[in-house]
Amino acid sequence: AQSVSQHNHHVILSEAASLELGCNYSYGGTVNLFWYVQYPGQHLQLLLKYFSGDPLVKGIKGFEAEFIKSKFSFNLRKPSVQWSDTAEYFCAVNDWAGTASKLTFGTGTRLQVTL
Amino acid sequence: GAGVSQTPSNKVTEKGKYVELRCDPISGHTALYWYRQSLGQGPEFLIYFQGTGAADDSGLPNDRFFAVRPEGSVSTLKIQRTERGDSAVYLCASSLSPDQPQHFGDGTRLSIL
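About the cut-offs
- Residues numbered from 1 in each chain as written.
- Chains lettered and ligands numbered in written order.
- Predicted model: local features only at pLDDT ≥ 70, side-chain atom pairs only at ≥ 80, totals over all residues.
- Heavy atoms only, no water.
- Core = buried A, V, L, I, M, F, W, Y, C linked by side-chain atoms within 4.5 Å.
- Buried < 20%, exposed > 50% of the residue type's maximum accessible area, 1.4 Å probe, protein only.
- Helix = DSSP H or I, 4+ residues; strand = E, 2+ residues; numbered from the N terminus.
- Contact = heavy atoms within 4.5 Å.
- Pairing = 2+ DSSP bridges.
- Axes fitted to C-alpha atoms, helices over the stretch in contact; angles between N-to-C directions.
- Buried area = accessible area lost by both parts, 1.4 Å probe.
- Salt bridge = Lys/Arg side-chain N within 4 Å of Asp/Glu carboxyl O.
- Polar contact = N/O pair within 3.5 Å; in protein donor to acceptor, adjacent residues only side chain to side chain.
- Lys, Arg positive; Asp, Glu negative; His and termini not counted.

Enquirer: What am I meant to see in the nonpolar core here?
Expert: Proteins that are soluble and globular tend to have nonpolar side chains buried together. All names here are of chain A. One finds Leu33, Trp35, Leu48, Phe74, Leu76 and Tyr89 to be the most contacted residues of the largest nonpolar core, which totals 28 residues. Among the secondary structure elements, those contributing two or more residues to this core are β2 (10-14), β3 (19-21), β5 (32-38), β6 (45-50), β8 (64-68), β9 (73-78), β10 (87-97) and β12 (109-114). At 4 residues, the largest contribution of residues to this core is made by β10. Each residue touching Leu33, except ones within four places of it in the same chain, is listed here: Tyr25, Leu48, Lys49, Tyr50, Phe67, Phe74, Ala92 and Val93.

Enquirer: Just checking my understanding: could you explain the sheet that holds strand β7 (residues 65-68) of chain B for this structure?
Expert: Across a sheet, strands are paired by hydrogen bonds formed along the backbone, either parallel or antiparallel in direction. All names here are of chain B. The sheet built from 4 strands is open, its strands ordered β1-β3-β8-β7 with antiparallel pairing. Bordering the open sheet on either side are β1 (5-7) and β7, each of which pairs with just one other strand. Adjacent strand axes in the sheet meet at a mean angle of 15 degrees when their direction is disregarded. Relative to strand β3 (residues 19-24), β1 is paired through 3 bridges, and the arrangement is antiparallel. Bridged to Ser5 within β3 is Asp24.

Enquirer: Hey, could you run me through the pairing of strand β4 (residues 31-37) of chain B in this one?
Expert: Along any regular strand the residues' side chains alternate between the sheet's two faces. Residues and elements named next belong to chain B. With 7 of 7 residues buried, β4 is to be regarded as a mostly interior element. Side chains Ala31, Tyr33, Tyr35 and Gln37 project from β4 onto one buried face, and the interleaved Leu32, Trp34 and Arg36 project onto a second face that is buried too. Relative to strand β5 (residues 44-50), β4 runs antiparallel, the two sharing 6 bridges. Across the sheet, Tyr35 pairs through a bridge with Phe45, a residue of β5. Hairpin connection from β4 to β5: 6 residues lie between these consecutive antiparallel strands, with Gly40 at a positive phi of about 80 degrees.

Enquirer: Help me out: how do you make sense of the interface of chain B and chain A in this one?
Expert: Interfaces are frequently sized by the accessible area removed from exposure as the parts join. Listed per partner, the contact involves 20 residues of chain B and 20 residues of chain A. Regarding the contact of chain B and chain A, the summed buried area is about 1500 Å², with carbon and sulfur atoms giving 60% of it. The three residues of chain B that bury the most area against chain A are Pro43(B), Pro101(B) and Phe104(B), which together make up 30% of that side's buried surface. The interface formed by chain B and chain A holds 1 salt bridge in total. Taken together, the links from chain B to chain A amount to 4 residue pairs in polar contact (both at pLDDT 80 or more). Listing elements by their share of the side of chain B that touches chain A, those giving two or more residues are β4, β5 and β6 (53-56) of chain B.

Enquirer: What am I meant to see in the environment of Ala31(B) here?
Expert: Residue and element names in this part refer to chain B. Topologically, Ala31 is positioned in strand β4. Ala31 sits 20 residues away from Gly51 along the chain, and the two C-alpha atoms are 6.4 Å apart. In contact with Ala31, other than residues within four places in its own chain, are Tyr48, Phe49, Gln50, Arg69, Ala93, Ser94, Ser95, Ser97 and Pro98.

Enquirer: What exactly am I supposed to notice about the side chain of Arg36(B) here?
Expert: Residue and element names in this part refer to chain B. Residue placement: Arg36 occurs in strand β4. Here Arg36 occupies a buried position and makes no salt bridge, while the nearest side chain of opposite charge, Asp86, is found at 4.1 Å. There is a polar contact of 3.4 Å between the side chain of Arg36 and the side chain of Tyr90. The contact partners of Arg36, leaving out residues within four places of it in the chain, are Gly42, Pro43, Glu44, Leu46, Pro61, Phe65, Gly85, Asp86, Ala88, Val89 and Tyr90.

Here it is in C-alpha cells:
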C-alpha cells in the first residue's frame with residue numbers, strides 16, 4: 001500500500017524565514033502529487049499539484065515544490081514566509097487502482113510563523 | 001460558486017446509536033470521496049463514488065460503515081452501532097473526474113460519547 005511520510009510535525013519560523021517541508025512517498029510507479037493547506041478553522045485547500053512535465057511546480061501564495069523521482073520526494077518550499085502562512089500542510093499522493101482514484105495523505109506539518 | 005457542503009458540522013451522539021452524515025458536492029462533479037481524519041493524523045480514505053456507484057470502498061473500516069449516492073450527486077455516509085473509536089472529522093471531497101484535484105468540504109466533527 002502507498003504511504004506518505006512528512007518528517008516535520010511542527011515547524012516554527014520567524015516571518016521572512018525560508019521554508020522547506022519534507023514529503024516522501026513509497027509508491028514506485030506513476031504518481032500524482034499534491035500539497036494541501038488547512039488554515040485555522042478552514043477546510044483543506046489545494047496549494048499545488050504535480051501531474052507530469054516540469055518537476056518544479058509553482059502554486060498559490062508563492063509556494064513551490066520539486067518532484068524528485070529518484071528520491072521519491074516532493075518537498076514544499078517558500079523563500080520568505082508570512083504570518084498568514086500559519087497553517088497545517090499535508091502532502092498527498094494519488095493512488096490509482098484501476099479506474100479509481102484516492103489520495104493517501106501524510107500526517108501533516110503544523111507551521112507556526114511568528115512576527 | 002458553492003463549494004462542497006457537509007452537514008451537520010458537528011454531531012454528538014451516544015455509543016451504539018446510528019448516524020448519517022451528508023455531503024453535497026460541487027455541481028457537476030462526478031467523483032465523490034469520503035475521508036476520515038483523526039486527531040493528529042492526515043485524512044484517511046474511506047470510499048470513492050463515480051456517479052452513483054461505489055468504485056472503491058476499500059477504506060471502509062468494517063460493515064458498520066456504509067455510504068450511498070443514489071442520484072449521483074448528494075452522498076450520505078451511514079454509521080451503525082457507533083463506537084467511541086468512530087469519533088473523528090469526516091471529510092467529503094469532490095472532483096470533476098478522478099484525475100482532477102479534489103475539493104474538500106469543512107467536514108463533520110463526530111463525537112461518540
